[in-house]
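This is what each chain is made of:
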Amino acid sequence: RNCEMLRPRIIPCLLIQDSGLVKTVRFKDPKYVGDPINAVKIFNEKEADELIVIDIDASAHDREPDYQKIAYLASECRMPLCYGGGVRTAAQAKRIIALGVEKVAISSAALANPALISEIAAEIGRQSVVVVLDHKQRLLGKTQDVWTHNGTRNTKRSVIDVALEMEKLGAGEIVINSIDNDGKMKGYNVALAAHLREVLTVPLTVLGGGGSLDDMHKVVAACGVVGVAAGSFFVFKGPYRAVLISYPTAQQKRDSIYSALQGRR
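Definitions and cut-offs
Every chain is numbered independently, its residues counted from 1 as its sequence is written. With the structure being a predicted model, the display of local features is reserved for residues of pLDDT at least 70 and the display and counting of side-chain atom pairs for 80 or more, all residues being used for whole-chain, interface and lining totals. To get the side-chain values, take all heavy atoms of the structure and skip hydrogens and water. In this description, a nonpolar core means a group of buried Ala, Val, Leu, Ile, Met, Phe, Trp, Tyr and Cys residues linked to one another through side-chain atoms lying within 4.5 Å. Accessibility here uses a 1.4 Å probe with only protein chains present; expressed as a share of the type maximum, an area under 20% marks a residue as buried, one over 50% as exposed, and anything in between as partly exposed. Whether two residues are in contact is decided by their heavy atoms, any of which lying within 4.5 Å being enough. Only the stretch in contact is used when fitting a helix axis, every axis being a line fitted to C-alpha atoms; angles between N-to-C directions are given from 0 to 180 degrees. A run of H or I in DSSP becomes a helix once it reaches four residues, and a run of E becomes a strand once it reaches two; helices and strands are each numbered from the N terminus. By the definition adopted for this analysis, an angle is roughly parallel if under 35 degrees, roughly antiparallel if over 145, roughly perpendicular if from 65 to 115, and oblique otherwise. By definition, any crossing whose near helix is turned counterclockwise from its far helix by less than a right angle is left-handed, and any crossing with a clockwise turn is right-handed. Polar here means any residue other than Ala, Val, Leu, Ile, Met, Phe, Trp, Tyr, Cys and Pro, which are nonpolar, and Asp, Glu, Lys and Arg, which are charged; Gly is therefore polar. The directions considered for the arc are those from the helix axis to the C-beta atoms. None of His or the chain ends enter the tally, which takes Lys and Arg as positive and Asp and Glu as negative. What counts as a salt bridge is simple: a side-chain nitrogen of Lys or Arg found within 4 Å of a carboxyl oxygen of Asp or Glu. In protein, a polar contact requires one atom able to donate a hydrogen and another able to accept it; more generally it is a pair of N or O atoms within 3.5 Å, and residues adjacent in sequence count only if both atoms are side-chain atoms. Any Phe, Tyr or Trp ring, taking Trp's six-membered ring, that has another such ring centre within 6.5 Å forms a pair; planes under 30 degrees apart are called stacked, those over 60 apart edge-to-face, and the others tilted.

**Regarding the nonpolar core**
- Phe 43, Ile 106, Ile 174 and Met 216 are the most contacted members of the largest nonpolar core, which totals 74 residues.
- Aside from chain neighbours lying at most four places away, what touches Met 216 is Ile 10, Tyr 188, Val 228, Ala 230, Phe 233, Phe 234 and Ile 257.
- Residues Val 132, Val 175, Leu 207 and Ala 229 belong to the second largest nonpolar core, which totals 14 residues.

**Details of the packing of helix α9 (residues 213-223) against helix α11 (residues 250-257)**
- Packing of α9 against α11 brings their axes to within 9 Å, and their N-to-C directions diverge by 55°. Between α9 and α11, the crossing angle belongs to the class labelled oblique. With respect to the hand of their crossing, α9 and α11 are arranged in right-handed fashion. Here Leu 213, Met 216, His 217 and Val 220 of α9 come into contact with α11, specifically with Gln 252, Ser 256 and Ile 257.
- Looking at the contact of α9 with α11 residue by residue, the classes come out as four nonpolar, three polar and no charged.

**Considerations on unusual backbone geometry**
- A positive phi angle, near 50°, is found at Asp 18, a position not held by glycine.
- Turning to its location among the elements, Asp 18 is positioned in the loop between β1 (9-17) and β2 (20-25).
- Assessed through its relative accessible area of 65%, Asp 18 is described here as exposed.
- Phi at Phe 27 takes a positive value of approximately 70°, unusual for a residue other than glycine.
- Within the element layout of this structure, Phe 27 appears in the loop between β2 and β3 (28-34).

**Here we look at the packing of helix α1 (residues 36-45) against helix α3 (residues 67-76)**
- Put simply, α1 and α3 touch, their axes get as near as 9 Å, and they point 20° apart. As judged from the angle between their axes, α1 and α3 are roughly parallel. Crossing angle aside, the handedness with which α1 passes α3 is right-handed. Contacts between α1 and α3 pair Ile 37, Val 40, Lys 41 and Asn 44 from the former with Tyr 72, Leu 73 and Glu 76 from the latter.
- Each residue belonging to the contact of α1 with α3 can be placed in one class, and the counts come to four nonpolar, one polar and two charged.

**A look at helix α6 (residues 115-124)**
- Of all the positions in α6, only Leu 116, Ile 117, Ile 120, Ala 121 and Ile 124 are classed as buried. Along the long axis of α6, the arc covered by the buried residues comes to 135°, so they all point the same way.
- Structurally, α6 contributes buried residues whose contacts are with α4 (90-98), β6 (103-106), α5 (108-112), β7 (129-137) and α7 (159-169).
- Once α6 ends, the next one or two residues include Gly 125, with phi positive near 95°.

**Comments concerning the side chain of Asp 57**
- Counting through the fold element by element, Asp 57 comes out in helix α2 (residues 56-60).
- Notably, Asp 57 is buried but unbridged: the nearest opposite-charge side chain belongs to Arg 63, and the N-O separation is 4.3 Å.
- Among the polar contacts made by the side chain of Asp 57, one reaches the side chain of Gln 17 at a distance of 3.3 Å.
- Other than its neighbours up to four places away in sequence, Asp 57 contacts Ile 16, Gln 17, Asp 18 and Arg 63.

**Quick notes on the packing of aromatic side chains**
- This model, assessed by the stated rule, comprises four aromatic pairs.
- With a centroid separation of 6.2 Å and an interplanar angle of 85°, the aromatic rings of Phe 43 and Phe 234 are classed as edge-to-face. With a gap of 191 residues between them, Phe 43 in helix α1 and Phe 234 in helix α10 (residues 232-235) connect regions that are remote in the sequence.
- On the basis of relative accessibility, which here comes to 0%, the residue Phe 43 falls in the buried class.
- A relative accessible area of 1% places Phe 234 in the buried class.

Here is the structure:
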């Protein structure tokens, strides 16, 4: 794999509900944290590598993407933007890309209709198709099952199997999101990420549980060049979860995250 020249991407993941920015814990109890556009402007200033924005209501309530809101976000965003939420057709994906978004994320719709991945890839190019797999550990056993509709429906399929299928169908990137770790800020599921990095050839992004630069370091040390995404880590500060939008400086990224690659060379 010619990933050695690339760098890990450090990616804030913003959840939108009722036009506000929210943060969940294990996909429940969304806490309002402010205005998404304000957050985007701060991440612009801090030169974030990329941004993932998910409208958590759109898919859960089978709503059409809010194109006006997406256009506004895209016009303000100075880094590559990945949008997800409510996308169920190739035409919708094409319309979102036309608004200035780099990547379109699909989750529930991809599992309900896997052929959709190939259709969207044909329309907007494979590199712009991201499949998000929300996963939770099976009650008995170590398997991580994929869940959809904000973690309310179990597909009873292993995340490894689904990721490989989605790659074969034309997904250009896989995002794995741990429901068990969401909002906990206690670390990522590094073992699963490392396993997936071994078997996939497309880019992988790991989400769910990031609470420190050290957590991100561990993912990169185990997996090499991947995307490391987080929500709470970039919007909360301190034990009382005061809202403060932050992002590591170039120096912090070099010292703590990129340095994890040195041992892998």
